Each structure stands twice: as structure tokens, then as C-alpha cells.
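This is what each chain is made of:
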Amino acid sequence: MFLSRLLEPVKAAAREAGDTLWQMYQSGDVQYSQKADDSPVTSADYAANQIIIDRLSELTPDIPIISEESSLVPLAQRQDWPRYWLIDPMDGTQEFVARSGDFAVSIALVEHGWPALGVIFWPKEQICYYATRGNGAFKQHRNLINHIKVRQHLQGEPLRIAVSRRQPLERINALLAADQQVEFIPLGSCSLKSCLVAEGGADCYLRLGPTGEWDTGAVHIIVEEAGGKILDSQFSPLSYNQRESLANPDFMVMGQSNVGWQSLIQAHSGCRS
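On to the packing of aromatic side chains. Taken as a whole and assessed by the stated rule, the structure comprises nine aromatic pairs. Between the aromatic rings of W22 and F103, the centroid separation amounts to 6.1 Å while the plane-to-plane angle is 35 degrees, which identifies the pairing as tilted. Here F103 lies in the loop between helix 4 (93–98) and strand 5 (104–111) and W22 lies in helix 1 (residues 2–27), a separation of 81 residues in the sequence. By relative accessible area, F103 is classed as buried at 0%. Between Y130 and F138 the ring centres are 5.5 Å apart and the planes differ by 20 degrees, which places this aromatic pair in the stacked class. Here Y130 falls in the buried class, since its relative accessible area comes to 7%. Lying across the ring of Y130, K11 places its NZ or CZ 4.0 Å from the centre.

The structure is reproduced here in C-alpha cells:
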């Protein structure tokens, strides 16, 4: 009951933040800067961040919030939190800057170290993906809501892999079985590629390169409730709020569970700091 009561207000917060992102994207009235790690950040990120924090603080004043665009509380203060919000106010800032429109709002509730609620809102398409633990995953386009499931990959078919528009395919190809036929599906935003797997538009998504736990929190529960899984690059589970840093290792979003993924994709070391 607790999760179901939170879902609609969280969806509304994601939509409000996403609509603000879209208005700023269309107006062009945005300031751009670089973070310490050289990744881009914009005034739109900060505007969406404030909206989400305000709405979640009103909704659940006793639940702390971790956001990509807010200062991180030291591990000693947060490691025993039973639950917390984990948000990325704009997943895909590079796509915002590049004008592709493939960016999204990501909000997760993590309970006892594992995502329990996730909402992804894609402003360009007015699409909301969402899930709560044990209740399935859904895609809402305006007023139309569909239950989503991962794709049933058939033996002999090409493996459909969601990839970034900005990542060299050579690195992905090097991890695949030599005789595996593949079809690459380019899309921006980490969360949107993960949701593509959840709704059956791709078989998997291989993420190589830096991400944070806010990039996977919401999509983790959506993918799992759709019948898939997210594992690190050595086929081990991800973890949340267990280190001083919230950096993720390389990870894989995989659809149908009975596919022999370890025979198709080579495990590798993807370091986290």
C-alpha cells in the first residue's frame, strides 16, 4: 500500500520536472557549464532538480533524497537509511545539449538497499515508464497505459542491442561472441535505452563508461518487473548506497532470462571508483 500511494504523486512530479525541461529545451534560455568530471550540466538540470526535491519533500518529509545534482551526504550518515529517494533530474544532459530530445527524468525509491519504485518520464514523447515492486512494469503514453514485458528472443535471430549514439561500436563488438548476429538500435539517455529493453524493443543494452547509481535506480525496478535483469559487467548484481562514491561499474541490461547471456557477451572488468 505504501508504494501504491506514492506512485501517482511521483509520476506527477516527474512529469512536472520533465515539462519544465522541455520548455527550457524549446526556448533555448539555458545556461551551460561543466562539472569537475567534465560532464555537462545546465540550468535546466538544476530547475528540474529543485522541482523534484520540493515535491518529494512535501510528499515524504521523513525520507531523505540523493540526487545527482545535490551534494552527497557522507556514507557514515546514509549507510543505515532504510529507504531514500534516488533521482536524476535529467538523464541524458548530453542529448539535451546535442538537441536530440532523448533525455528523461528518473526517480527511484530505494528500500533496504534495493529499488522498490521507479518512474522514468520522457518529455519529448510524453511517455512515462513506471513500476513498483511485485506489481509489474508499465508504459503510459498520455492516457493510454500498457503492461510491458521484455522481448522473447528466438534462437537464430539477430540480437537487438540498444546503443548510445555517441559511443564507438567497436567496444561493444569486442564483447560479443564472434558468430553472433546483431542489430544495433541507437538511442540517447541511459534510462531510455534500459526502458527499450523493458518494453521489448531491444534484447539488451551494454553500458560501458561512467554512470552513477541514479542512472540505474528507477530503471532497475522497471526492467526487473518487466522480466529482465541488470547485472554488472561480470554478471554480478549491482548494489546501492554501499560506498562513499555512488559510481556504477559497467553494466548490462538483459531481457529474456533464459537466453544464455554468458555465452553471448564476454565478462570484463568495469571499475567503479
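Turning next to the packing of helix 1 against helix 2 (residues 43–59). At a minimum axis distance of 9 Å, the contact between helix 1 and helix 2 shows a crossing angle of 160 degrees. Taken together, the axis directions place helix 1 and helix 2 in an arrangement best described as roughly antiparallel. Helix 1 and helix 2 meet at a crossing whose hand is right-handed. Contacts between helix 1 and helix 2 involve L6, P9, V10, A13, E16, A17, T20, L21 and M24 from the former and S43, A44, D45, A47, A48, I51, I52, R55, L56 and L59 from the latter.

Spatial strand order, 11-10-12-14-13: five strands in an open sheet with mixed pairing. Here the strands that pair on one side only, and so sit at the sheet edges, are strand 11 (182–186) and strand 13 (229–232). Along the sheet, successive strands turn relative to each other by an average axial angle of 25 degrees, direction set aside. Across the sheet, helix 7 (residues 213–225) is in contact with strand 13 and strand 14 (251–254); its angle to strand 13 comes to roughly 130 degrees.

Right, let's talk about empty space enclosed by the protein for a bit. The final tally for this structure, using the stated rule, is one cavity of 30 Å³ or more. Of the pockets and cavities examined, the largest cavity occupies roughly 30 Å³. Lining the largest cavity are L175, L206, R207, L208, S233, D250, F251, M252, I265 and H268. Of all the elements in the fold, those that place two or more residues in the lining of the largest cavity are strand 12 (204–207) and strand 14. Residues of the lining of the largest cavity, tallied by class, amount to six nonpolar, two polar and two charged.

This part is about the nonpolar core. Within the largest apolar cluster, 38 residues are counted, with the highest numbers of intra-cluster contacts made by L86, I120 and I222. At the level of secondary structure, the elements contributing two or more residues to this core comprise strand 4 (83–91), strand 5, strand 6 (114–122), strand 7 (127–132), helix 6 (190–198), helix 7 and strand 14. Those residues in contact with I222 that sit more than four places away from it in its chain are G118, I120, Y129, Y130, A131, A137, I148, C195 and A198. Within the second largest apolar cluster, 31 residues are counted, among which are A17, V30, A44 and L117.

Right, let's talk about the pattern of salt bridges for a bit. With the rule as written, the count across this model stands at 12 salt bridges. Close ionic contact of E58 with R55 constitutes a salt bridge, the shortest N to O distance being 3.6 Å. Linking E58 with R55, this pair stays in helix 2, spanning three residues, or about one helical turn. Note that E111 is salt-bridged to R83, the shortest N-O span being 2.9 Å. Placement of E111 in strand 5 and of R83 in strand 4 is noted, with a sequence separation of 28 residues between them. Among the residues examined, E111 registers a relative accessible area of 7% and is labelled buried.

Parameters at a glance
Residues numbered from 1 in each chain as written. Predicted model: local features only at pLDDT ≥ 70, side-chain atom pairs only at ≥ 80, totals over all residues. Heavy atoms only, no water. Phe/Tyr/Trp six-rings, centres within 6.5 Å; stacked < 30°, edge-to-face > 60°. Helix = DSSP H or I, 4+ residues; strand = E, 2+ residues; numbered from the N terminus. Buried < 20%, exposed > 50% of the residue type's maximum accessible area, 1.4 Å probe, protein only. Lys NZ or Arg CZ within 6 Å of the ring centre and 35° of its normal. Axes fitted to C-alpha atoms, helices over the stretch in contact; angles between N-to-C directions. Parallel < 35°, antiparallel > 145°, perpendicular 65-115°, else oblique. Left-handed = near helix turned anticlockwise from the far one by under 90°. Contact = heavy atoms within 4.5 Å. Pairing = 2+ DSSP bridges. 1 Å grid on protein atoms, 1.4 Å probe; cavity = no way out; pocket = protein on both sides within 12 Å on 5 of 7 lines; lining within 4 Å. Points joined across faces, edges and corners; volume = space filled by probe spheres on them. Nonpolar A, V, L, I, M, F, W, Y, C, P; charged D, E, K, R; others polar. Core = buried A, V, L, I, M, F, W, Y, C linked by side-chain atoms within 4.5 Å. Salt bridge = Lys/Arg side-chain N within 4 Å of Asp/Glu carboxyl O.

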